[in-house]
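Chain residues, written in single-letter form:
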Amino acid sequence: MISSDRVAFFEEHGFVRIPQVFTPQEIDELEAHLDVIMDQWAVTEVGWTGPWRQVYMDPATEKKSKLTSIHDLHFYSEAWLRSIQNPGLVESVAQLIPSPNVELHHMTLHAKPPQTGHPFPMHQDSAFYRHTDGRYLDVLIHLDDTCHENGEIRFLSGSHKEGHLEHVTKTPEGAECTPHLPTGQYRLEDTTPVPAQRGDVVCFNLHTIHGSHINQTDKIRRMVRVGYRDPENKQIEGQSVGRPGIIVRGMRVRTSETAPLSNEAIA
């Protein structure tokens, strides 16, 4: 359980850091499994697209900038499966959503390679997996200490209270790009940095605006994002829409209009 002060901070600001949710031994195991997953399964590519790249990076850096990612690590590793059910983490999530019932939505690795590791433009995660309401929490599991030099997470305090905002989804030429907020209106310079240590988690609301700077160090910066929601908070569109998740706390409550879950593949 986390303190009432941390819950109040989260409700006001839309984010909160919870120190040492995972022990050093747990992180060591997660790191060992992650090394194999990254070597065998993860993809390193250009990452997010859009006109924001020219604002955040000079031409030489933009050309070299990369992002390493993979979805749903719990499909590849029993250590990562256990991580999403960590008792301290799950109880904290239940307090912050708040809900007695908690469903896993997804898990995604975002690793910034050394020196030119991909920055992130200002955005809300609701642009990628929009839900009916704000009973959704994203959790960043830190595999590495973070700071300004390697691109720690940064938040626009209180922005979750605005609800979902429309994002830029096309370039000036009309091509589709990764959703992000207008760079002139939403700036990293106006955000609050939240540096964290290995084993910490940083939690934030689905609607909290956030971003991060480039990794300028000579070491990789690894975070794994885990999305949790109240099972009754229906997804409207985006990543994993229509896919049920594991119930990690409580139960899935049936309402009159819902059918039992199917074991058939989603077309």
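Source: prediction; values computed, not measured.

Parameters at a glance
Residues numbered from 1 in each chain as written. Predicted model: local features only at pLDDT ≥ 70, side-chain atom pairs only at ≥ 80, totals over all residues. Heavy atoms only, no water. 1 Å grid on protein atoms, 1.4 Å probe; cavity = no way out; pocket = protein on both sides within 12 Å on 5 of 7 lines; lining within 4 Å. Points joined across faces, edges and corners; volume = space filled by probe spheres on them. Helix = DSSP H or I, 4+ residues; strand = E, 2+ residues; numbered from the N terminus. Nonpolar A, V, L, I, M, F, W, Y, C, P; charged D, E, K, R; others polar. Buried < 20%, exposed > 50% of the residue type's maximum accessible area, 1.4 Å probe, protein only. Polar contact = N/O pair within 3.5 Å; in protein donor to acceptor, adjacent residues only side chain to side chain. Salt bridge = Lys/Arg side-chain N within 4 Å of Asp/Glu carboxyl O. Pairing = 2+ DSSP bridges. Core = buried A, V, L, I, M, F, W, Y, C linked by side-chain atoms within 4.5 Å. Contact = heavy atoms within 4.5 Å.

**Regarding the layout of surface pockets**
What the largest pocket holds in volume is close to 600 Å³. Estimates place the volume of the second largest pocket at around 410 Å³. Surrounding the second largest pocket, 25 residues form its lining, W48, T108, H110, F120 and R225 being those nearest its centre. Listing elements by their share of the lining of the second largest pocket, those giving two or more residues are β3 (67-71), β4 (102-112), β5 (120-123), β13 (210-212) and β14 (221-229). Looking at which element gives the most residues to the lining of the second largest pocket, the answer is β14, with 4 residues. Grouping the constituent residues of the lining of the second largest pocket by class yields 10 nonpolar, 11 polar and 4 charged.

**A word on helix α6 (residues 87-96)**
Helical periodicity: at 3.6 residues per turn, an α-helix aligns residues three or four positions apart in one direction. Most of α6 is tucked away, with 7 of its 10 residues classed as buried. Within α6, burial applies to L89, V90, S92, V93, A94, Q95 and L96. Taking the backbone nitrogen of G88 as reference, a side-chain oxygen 3.1 Å away marks N86 as the first, capping residue of α6.

**Here's the deal with the pattern of salt bridges**
Per the stated rule, a full pass over the model turns up 18 salt bridges. One salt bridge in this structure joins E12 and K161, with 3.2 Å as the shortest N-O distance. With E12 in helix α1 (residues 4-13) and K161 in the loop between β8 (154-155) and β9 (168-170), the pair connects residues that are 149 residues apart, well separated along the chain. Of the residues examined, E12 reaches a relative accessible area of 42% and is grouped as partly exposed. E103 is the partner of R229 in a salt bridge, and the nearest nitrogen-oxygen pair spans 3.1 Å. Note that R229 is positioned in strand β14 and E103 in strand β4, a separation of 126 residues in sequence. Looking at R229, the relative accessible area reads 6%, which means it is buried. For E103, a relative accessible area of 1% corresponds to the buried category.

**Comments concerning the pairing of strand β12 (residues 201-205)**
The buried fraction of β12 amounts to 5 of the 5 residues, a majority that puts the element mostly inside the structure. Along β12, one buried face is formed by V201, C203 and N205 and the opposite face, lined by V202 and F204, is buried too. Where strand β1 (residues 15-18) lies against β12, 4 bridges are found, and the strand directions are antiparallel. Directly across from I18, in β12, lies its bridge partner V201. Pairing of strand β7 (residues 136-142) with β12, which is carried by 5 bridges, proceeds in the antiparallel orientation. Its bridge partner lying in β12, L140 is registered against V202.

**Examining the nonpolar core**
Ranked by internal contacts, the top residues of the largest apolar core, which has 39 residues, are L73, W80, V139, I141, V201, V224 and Y228. Sequence-distant contacts of W80, defined by excluding residues within four places in its chain, comprise L30, H33, L34, I37, L73, H74, M107, I141, L143 and V224.

**Side note on unusual backbone geometry**
Leaving glycine out, the prevailing phi sign among residues is negative, and the prevailing peptide bond configuration is trans. Residue P98 is reached from I97 by a cis peptide bond, and omega for that bond is -15°. With respect to the helices, strands and loops of the structure, P98 is situated in the loop between α6 and β4. Here the phi dihedral of D72 falls at roughly 55°; this positive angle occurs in a residue that is not glycine. Topologically, D72 is positioned in the loop between β3 and α5 (78-83).

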